[in-house]
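Below, each chain spelled out in residue letters.
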Amino acid sequence: MGRINLLTPEKVLQGVREVEHGISFSLSLPLDYPGGSAMNQRRYPPILRPTEDLAHNQDTFYNVVARDEIDPNFIDVWSDDVVTMWLQYSTQWDSLAHQGALFDADGDGVAEAVYYNGFRAGTDIVGPKEDAKGDGSGSKSFARHLGLEHMAAHGVQGRGVLVDIAHHLNSDWQPVDLKTLQDIMKADNVVVEPGDMLLLHTGFATQVLAWEKNPDPDKIKAMYPYLDATDDDLLQWITDSQISALIADNYAVEGWPPGSDTPHSLLPIHNLCLFKLGVPLGELWYLHDLAKWLREHNRSRFLLTAPPLYLPGTQGSPLTPVATV
């Protein structure tokens, strides 16, 4: 579980102590947002369809009038459905199996494809492969370790701390280095302590919601502030802070650093958090309403409840996190 282990009973109690008004905020976008596939061509909106009926006819068990189709003495009308869902399409957790790295884990001078704590691609993170799960279910991929079921079983609940970047910076695509982040935190009297879940409000998800599932295909790729992964001081601060999770309302928490001719990570904060530190990343969370309430009440802390789906072997998971103040 990595740093989710820092969500101890005391940390949960710290979160509970932040509840004064009994007001809850949903921190999820509708899970069919942002709409289309402009933000990531590999991820599509969820697809709903009816289940099969009692005779195994596909896509039919919907608005079934039992009197007509089952027994004339029944008054019931039934519907069942099934969803095909890209697990990282909308509001999501990234698991520690989502991004690994080439790393010489056994000291033989040859880098292997490994994930957090040295779990191996192909052995521990299996796929694409027929019956990757090994249970005959038809699964073609499966994380035997580092899947989000461990977070779900532990329970993701504790103290959340929000940094309202959107209040201080405009909507331009711009990096936020450590100095800028700390200046904002100082101005708003935000303090982050070990075990806290850190949330960054940039305004990105607010714009996604405003587009009503018809996002601007160009703007959505480069808008609103993001953490500056080229700032070594920021990376060190993330390490030293001992946060249990790092969450943002934008697409990837970080932006895209400039290229290099030397081996490097495309997403250095993902590499740091998921591969090195064991810090799960939350992306595309909806933080607008919570941020507004916290600012009006001169607060930055709250109880955060945010378990992923208890679905074994996943690289990511949709969720509906709740903040309570």
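All of these numbers come straight from a predicted model, not from anything done at the bench. (Residues numbered from 1 in each chain as written. Predicted model: local features only at pLDDT ≥ 70, side-chain atom pairs only at ≥ 80, totals over all residues. Heavy atoms only, no water.)

**Student:** Sorry, what's going on with the nonpolar core here?
**Tutor:** The tendency in soluble globular proteins is for nonpolar side chains to be buried side by side. Val-163, Leu-181, Leu-200, Ile-238 and Leu-246 are the most contacted members of the largest nonpolar core, which has 36 residues in total. Looking at this core, the elements that each hand over two or more residues are β11 (157–164), α5 (178–187), β13 (197–201), α7 (232–241), β15 (245–248) and α8 (268–277). Looking at this core element by element, the count peaks at five residues for α8. Discounting residues that sit within four places of it in the chain, Leu-246 has contacts with Leu-198, Leu-200, Leu-227, Ile-238, Val-253, Ile-269, Cys-273, Val-279, Pro-280, Leu-281 and Gly-282. Counting residues in hydrophobic clusters, the runner-up holds 25 residues, among them Trp-93, Ala-291, Phe-302 and Ala-323. (Core = buried A, V, L, I, M, F, W, Y, C linked by side-chain atoms within 4.5 Å. Buried < 20%, exposed > 50% of the residue type's maximum accessible area, 1.4 Å probe, protein only. Helix = DSSP H or I, 4+ residues; strand = E, 2+ residues; numbered from the N terminus. Contact = heavy atoms within 4.5 Å.)

**Student:** Honestly, the side chain of Gln-207 in this entry has me stumped. Any pointers?
**Tutor:** Assignment of secondary structure puts Gln-207 in helix α6 (residues 204–210). Apart from residues lying up to four places away in sequence, Gln-207 is in contact with Lys-219, Met-223 and Tyr-224.

**Student:** Whenever I open this one, a nonpolar patch on the surface confuses me. Can you help?
**Tutor:** A contiguous nonpolar surface patch, about 400 Å² in accessible area, is contributed by Leu-54, Ile-70, Phe-74 and Trp-78. Residue position: Ile-70 is located in the loop between α2 (66–69) and β4 (77–78). With relative accessibility at 36%, the residue Ile-70 sits in the partly exposed group. (Patch = residues over 30% accessible without salt bridge, like charges linked within 9 Å, V, L, I, M, F, W, Y side chains within 5 Å. Areas by Shrake-Rupley, 256 points an atom, 1.4 Å probe, with all protein chains shown as cover. Salt bridge = Lys/Arg side-chain N within 4 Å of Asp/Glu carboxyl O.)

**Student:** Can you help me understand the packing of α7 against α8 in this one?
**Tutor:** In a packed pair of helices, the relevant descriptors are the angle between the two axes and the axis-to-axis distance. Put simply, α7 and α8 touch, their axes get as near as 11 Å, and they point 30 degrees apart. In terms of axis orientation, α7 runs roughly parallel to α8. As α7 runs across α8, the sense of the crossing is right-handed. Listed contacts from α8 to Leu-235, Ile-238 and Thr-239 of α7 are Ile-269, Leu-272, Cys-273 and Leu-277. (Axes fitted to C-alpha atoms, helices over the stretch in contact; angles between N-to-C directions. Parallel < 35°, antiparallel > 145°, perpendicular 65-115°, else oblique. Left-handed = near helix turned anticlockwise from the far one by under 90°.)

**Student:** What's the story with α5 in this structure? I'm lost.
**Tutor:** Among the residues of α5, Leu-178, Leu-181, Ile-184 and Met-185 are the ones counted as buried. Considered in projection along α5, the buried side chains sweep an arc of 130 degrees and stay on one side of the axis. For α5, exposure combined with an orientation more than 90 degrees from the buried face picks out Lys-179, Lys-186 and Ala-187. The inward-facing, buried residues of α5 contact β11, α4 (165–168), β12 (175–176), β13 and α7. (Arc of directions from axis to C-beta.)

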